[in-house]
Every structure is written in structure tokens, then in C-alpha cells.
Amino acid sequence: MAWNNPFKEMANSKPLFMTIYATVLIGIVFSSVYVFSAIYSSPHSSTFSLSIAPSASSDAEAEPSSQASNFSRLQADGHSTPLNPQLQSKLLKAIWTVPPAGSKMPDLESFRLSKELVQERVIGNVVVVTFGNYAFMDFILTWVKHLTDMGVENLLVGAMDTKLLEALYWKGVPVFDMGSHMSTVDVGWGSPTFHKMGREKVVLIDSILPFGFELLMCDTDMVWLKNPLPYIARFPEADVLTSTDQVVPTVTDDRLDMWQQVGAAYNIGIFHWRATESSKKLAREWKEMILADDKIWDQNGFNELVRRQLGPSVDDDSGLVYAYDGNLKLGLLPASIFCSGHTYFVQAMFQHLRLQPYAVHTTFQYAGTEGKRHRLREAMVFYDPPEYYDPPGGLLTFKPSIPKNLLLDGVHSIDTHFALVNYQMKQIRTALAVASVLNRTLVMPPLWCRLDRLWFGHPGILDGSLTRQPFVCPLDHVFEINVMLKEMPDEEFGPGISIREYSLFENPSMPQEVKRSWLDVHLCQEGSLGCQVNSTSQTGVLKLPRHTNEETLKTVFSKFNDMKVIQFSSMQDAFDGFTDKTREERFRNRVKRYVGIWCCVENHTPGHIYYDMYWDEKPGWKAAAPNSTEDDHPPW
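The name an unreviewed UniProt entry gives the protein chain is Arabinosyltransferase XEG113 isoform X1, with Nicotiana tabacum as the organism.

A. Focus on the UniProt feature "transmembrane region" (unreviewed entry) in the protein chain. Cross-referencing UniProt, the feature "transmembrane region" (unreviewed entry) maps to residues 20-40 and 122-144 in the present numbering. The straight-line gap between the two end C-alpha atoms of residues 122-144 is 15 Å; of that span, 35% is helix and 30% is strand.

B. Structural detail: the nonpolar core. L432, V478, F479, F557, F568, Y594 and M613 are the most contacted members of the largest nonpolar core, which has 59 residues in total. At 11 residues, the largest contribution of residues to this core is made by helix α17 (residues 414-438). Ignoring any residue separated from it by four or fewer positions in sequence, one finds Y594 in contact with L432, V478, F479, E480, V483, M484, M488, I497 and M613.

C. Structural context of the state of the cysteines. The tally for this structure, following the rule as stated, stands at 3 disulfides. Each disulfide pairs two cysteine sulfurs, and for C449 the partner residue is C473, the sulfurs being separated by 2.1 Å. Taking the sign of the S-S torsion, 50 degrees for the link of C449 and C473, the bridge is right-handed. Of the two residues, C449 is situated in strand β17 (residues 447-449) and C473 in strand β18 (residues 471-473); the sequence distance between them amounts to 24 residues. Under the relative-accessibility criterion, C449 is labelled buried at 1%. What pairs with C524 in a disulfide is C531, and their sulfur atoms sit 1.9 Å apart. With the S-S bond torsion at 80 degrees, the cross-link from C524 to C531 turns out right-handed. Classification of C524 by relative accessible area gives buried; the value is 11%. Sequential numbering of the bridged cysteines in the protein chain gives the disulfide pattern 1-2, 3-4, 5-6.

D. Spotlight on the packing of aromatic side chains. Within the structure shown, the criterion is met by 27 aromatic pairs. With 5.6 Å between their ring centres and 80 degrees between their planes, F271 and F302 make a pair best called edge-to-face. Of this pair, F271 sits in strand β9 (residues 266-273) while F302 sits in helix α12 (residues 298-306), and the two are 31 residues apart along the sequence. For F271, a relative accessible area of 0% translates into the label buried. With a relative accessible area of 0%, F302 lands in the buried category. Seen in terms of ring centroids, Y388 and Y389 are 5.3 Å apart; in terms of plane orientation they differ by 85 degrees. Their pairing is edge-to-face. Residue Y389 is classed as buried on the basis of its relative accessible area of 1%. Taken together, W224, Y231, F235, F338 and Y358 form an aromatic cluster joined through their ring pairs. A cation over a ring is seen here: K145 above Y383, with NZ or CZ 4.6 Å from the ring centre.

E. Here's a closer look at the environment of K171. Assignment of secondary structure puts K171 in the loop between α8 (162-170) and β5 (175-177). Residue classification places K171 among the partly exposed positions, given a relative accessible area of 37%. For the pair K171 and W96, spaced 75 residues apart in the sequence, the C-alpha separation amounts to 5.9 Å. Not counting chain neighbours up to four residues away, the residues in contact with K171 comprise W96, V98, M137 and L141.

F. Structural context of the pattern of salt bridges. One pass over the full model with this rule turns up 25 salt bridges. R234 is paired through a salt bridge with D254; the nearest N and O atoms lie 2.9 Å apart. One end of the pair, R234, is in the loop between α10 (229-233) and β8 (240-244); the other, D254, is in the loop between β8 and β9, with 20 residues separating them in the sequence. Residue class for R234 comes out partly exposed when judged on its relative accessible area of 41%. For E285, the salt bridge goes to R308, with nearest N and O atoms at 2.7 Å. Separated by 23 residues along the polypeptide, E285 in helix α11 (residues 277-292) and R308 in the loop between α12 and β10 (310-313) bring together distant segments of the chain. Judged by relative accessible area, E285 falls into the partly exposed class, the value being 24%. Where salt bridges share partners, they join K426, R429 and D616 into one cluster.

G. The arrangement of the sheet that holds strand β7 (residues 222-224) in detail. Taking strand neighbours across the sheet as the criterion, the 3 strands line up as β7-β14-β13 in an open arrangement whose pairing is mixed. Across the chains shown, the open sheet's two edge strands, defined by having one partner strand only, are β7 and β13 (338-339). As paired strands, β7 and strand β14 (residues 359-361) are joined by 3 bridges and run antiparallel to one another. The residue bridging M222 from the neighbouring strand is H361, located in β14.

H. Spotlight on the pairing of strand β15 (residues 395-398). Of the two faces of β15, the one lined by L395 and T397 and the one lined by L396 and F398 are each fully buried. Both β15 and strand β16 (residues 441-443) contribute to a ladder of 2 bridges, which runs parallel. The partner of L395 across the bridge, within β16, is T441. Both β15 and strand β23 (residues 565-568) contribute to a ladder of 4 bridges, which runs parallel.

I. View of the sheet that holds β9. What the 9 strands build is an open sheet, ordered β5-β4-β3-β6-β9-β8-β12-β11-β10; its pairing is mixed. The open sheet has two free edges, formed respectively by β5 and β10, since each of these has just one partner strand. Each strand axis lies, on average, 35 degrees off the axis of its neighbour in the sheet, ignoring direction. Inspection of the sheet shows β8 paired to β9 by 5 bridges, in the antiparallel sense. Each bridged residue has a counterpart across the sheet, and for V240 the counterpart in β9 is W273. Its contacts with the sheet place α11 against β8, β9 and β12 (328-332), and it is angled at close to 140 degrees to β9. This element, α12, spans β8, β9, β10, β11 (321-323) and β12 of the sheet and lies at about 70 degrees to β9.

Basis of the calculations
Residues numbered from 1 in each chain as written. Predicted model: local features only at pLDDT ≥ 70, side-chain atom pairs only at ≥ 80, totals over all residues. Heavy atoms only, no water. UniProt positions renumbered as here; feature names shortened; annotations may be inferred. Helix = DSSP H or I, 4+ residues; strand = E, 2+ residues; numbered from the N terminus. Core = buried A, V, L, I, M, F, W, Y, C linked by side-chain atoms within 4.5 Å. Buried < 20%, exposed > 50% of the residue type's maximum accessible area, 1.4 Å probe, protein only. Contact = heavy atoms within 4.5 Å. Disulfide = S-S within 2.5 Å. Phe/Tyr/Trp six-rings, centres within 6.5 Å; stacked < 30°, edge-to-face > 60°. Lys NZ or Arg CZ within 6 Å of the ring centre and 35° of its normal. Salt bridge = Lys/Arg side-chain N within 4 Å of Asp/Glu carboxyl O. Pairing = 2+ DSSP bridges. Axes fitted to C-alpha atoms, helices over the stretch in contact; angles between N-to-C directions.

Pasting the structure below:
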């Protein structure tokens, strides 16, 4: 065939063949234009160049790939050459793209962890990985959505049970089977199953590193707030970068924390591994250590190995330190912007230092998985379905009232802290009762504290931390959120009372139709002008006499059942008590379990001081630690 003069060839052919020739040639021209435009005119080229973390060394670069994949092309000599990262990114299957209607679930074997499976999600040799069981489905979806919202799609989720794997697959989230066959329920921190999950993480790291990819490994109870890949790329010589439990800043900018000043544990909830010989050696020894002794907590094992040798600094500028075997180059991610639950929710360290946080990990909290969710919801970084913002029965909220002297006057001490918290607790107790009577979900108010809460004796605020007094403390500092959300039998504790976080109405996900369906209730003195049951002002505000009882509340608000939000101007003296004494007793049984402890008094064992929902009914009540372990129990 004379390709040097195809048009002459066509002219001498029959019309049918002329049509075929024309079609083929036009197809070639358009295909060439498309390929060259895709390679040289990618609209995302600048975005992806920012998200590529250069590798110090990797197996993928050191030896040719033996597999045929979407991210390599076979050359004439049989060796594979990685595609340009911009073109590679175009071949990623888009996240959140659900399988076609009517399709069937693929065979479980197709989700088995392999180099080919991981490589399908790699960009710039980096993959971001988390894992969990079905109980953490909402955490995982939140984790994925934050990353995809900021354009990071080189991610994978390890499923520890088949239920999670199938659920993520049908939502279009890239997932692989960890083969754990784990329970689908929440296992609880510190439980044997929790430690098993930790060991699975170590095995997973040891499995992925030999593939030659850089691995950013995360727990599911953390949220990405800013794309971390450009930051990690600033430290190409690092073998491992890890977060820490440091609560005192060692730097005031976004440099790595000074390793010489970090005395807290290295926290393995967020860390980055490059596939170097030192890091692979560390992962292998770590795995062997925790598999040989199931009593070793994975994080403790990591700290023990990495701190086996610590120092000297790698150089004068990077902040890296030689660790582990003397060859591993370790960096400590700054606690101010790779935040723990303390540096983010309590100190707000990043705000004081005028920095932008990359991540928050829900550590340093006291109410289990429910407490983690609530903290992320308070910070408005947790993704809930639309029905969360419009619960059945509607919402109840109120404007808390706190005298200035309780917030600011006097020294910050145990006594002034409890005086402040107790004053707020009494209003919340009333609000819980009104919510129970009206069968509404209570929006908890912001809670102010003077003192921090920890697991050990401390002076109230940790020395060197940036915690300001007073501060809006997480709800789990005082309330047992896991108990508040727990199913309890009605015959003993009365009906459950749903709650929401104080920032609910500021959340961008709150539907406007909910906020538009709003009734303001102003308390008034009975007998004063216009203050009577069912009295409504010209502005549409309902006036309600103080000290209203259960039956009157039900009667007054029965006509507002369709109103989505009811806001009281105050809860001071808003409710005069239950008419049904059996229900009142059950309510008391319930809510007195809602509050926890303040911890802990220095140099005193036991150091707990218990909050008491009904402190005001006990003359002479005082915030004091028990004198003996026998007295160390809740006040009920």
C-alpha cells in the first residue's frame, strides 16, 4: 500500500474503498491530535505537579516492572517506563463514580491487595491509605471526601470486613480486602480487637512498602484539612515522617518539630513512609515484634524501635534526625498543623501561631468513638447525611447565660472551674428536660471551661501549652457523650434524648429550609404585660411564663409540632418540673449518668472529681477528690 501518496491511491479505487480510506485517515488524524493534546496540554498539570512527592529511592524506580498495568507501557526492549504523571492521573478511575446500574459485585479475589491494585491509584509514586471496619464507615467517607474535595485522588481504603468492602465499592470508593474477617461493630479503644486492628496496620505497611511506592498511612479517625502532599514533598530525604502527641510547640512556623525537644510519643495515626531500605527494614522488624507478642501495643513498639538510636541531626536545615538503626532519616510533623485532639480542639495552636492546619486526629478525648464524631462535628469537618440536620420531632436550642464573674474573675482553680461548669450544667439539665417533654433533639450550647482535662494529675493547664483560659472546651470534657447516645431501657431511664453539636446552625450543610422554620420563645414573668400562655407578640415571638410545667409545655407547643426549630431565649427557670413523677424519676436516672469526671488533682490518689448533674440539690456541695478508692465512684 502506497502510504506516501494515499490520496492518489484513493482516487484510483472504487467509491466504497474511498470511503474506507477516508474514514481511517480521519480517525488517525483525530487520534493523534487527542493524544498530543492530552500529553502536552493537560489542564491539571500544575495541580498534579504540586502533589508529587519525590522519592529518595524506591523499588519501583530501581527495577523494571514485570506486570502490564494502566500506568506503564512496554517498550521494544521489554522494559517498562512509567507514564508521565499528568497522563497517569488521567487514567485514574474517578472516585465517587458508582458502578453501572444492574452490575454485579465482582469476585472478592479481585480486591486482594497486590502491586497492580495499588498501582492503579498511585500518582507521583505516592498512595494515601486508611483502613477500618464497617463501624467506621462514616469516618471513612468523611476521610475520602475531604481528600477528593482538595483534588487528592491517589487514595485507597483497606476493608477489614466484607460489609465495608461492598458498601465502599457501591459508593465508588477505591477499596481492597485486608482479609481480616473482622467484626463489623465498634471494637472500642484498648480492647483486644482494637490491638488486633493495630497489628493489621503494621502488616499492611510491611506489605505495601516492597511495591516501591511512597505510603501516607492514616487512621480513619482523622481528617485532612489541607493537601499534605506538597508539604511532604519538601522533605525528599526523609525515610519516615510521623505525627506526635506533643502538646508544647517547638517551632512557631511550619518547619518540622525540633526532635530534641519532643518528649511525647510519636503517634502513628498519621505518618509517611518512603520505600527505602531503612524504612522497609523498620517495617519488617516492627511487624515481627508485634506478631511475636500480642501484648505489645503497635504504637509503643514503633516508639521503642525508632528511639533505639536517636541522633544526630541529618543536617543543619531539614529538621531530620538519624533514628532506629542509625541510617533511618526521621522527621517529626509539627504538632501545630498536623494536629492532635489537644493542639486542635483545646489549644487551637494553629490559630495562635497564625498557621493553616493540614490535619486533625481525634486523640486526647474521653468519650470513645461517639466523642470523636462529636468533636469533628463541633469543628464542622464531619460529613453527615441531610437527615442529620432535620431530625424527626425537630430541634430545640437555647441561648446560654453566663455571668462575667464566673468566666473571668478570680484565679483559675478547681473551685472556679466547677462554679463555671455547674452554672452551665443546670441550664443544660433544664434544656434536656424540655427536649424530653417536647420530644425534640437538643442542640447543646458551647461549653466553657477554666481547666483542661487529662488522664493524669496536672495544674489545670499544661505548662508551655497555648491553652487560653477560659476556653470553649469539647463537650466530652464534662459530658459522657457515649452514655448520652447509648440505648437505655425506657422502663428505667425514660425515653432517649437526642443531641446535636453547638455549631449545627453554622454548618454549611444545614439546609436553609430548616433554619427558616424557626420559632423564638421569650421567657417572661407571669402576670407581667403580655405574659400569658399562648401569647405571641407582633414580631412572631412566643412569650412563655417562667416555671412552666410539663403539661403546659405540651399544650402550648402542640400547635408548633411542624416547626423545625424552637429557640428559647433562656433556660433559667424555664421548666417547673414533670407532672408525671415516674417519668421524672426515670429522667433523673438518665441524665445523672450524662456527666463524667474532672481529672486529675495533682499529688492526690485518687485524683478524680465527679461532676454532679444535681449538685444544687446538695447543700454544701464542694468540688473535692475522694479520700479513698472506696469513695471513688459517681454520685449515684
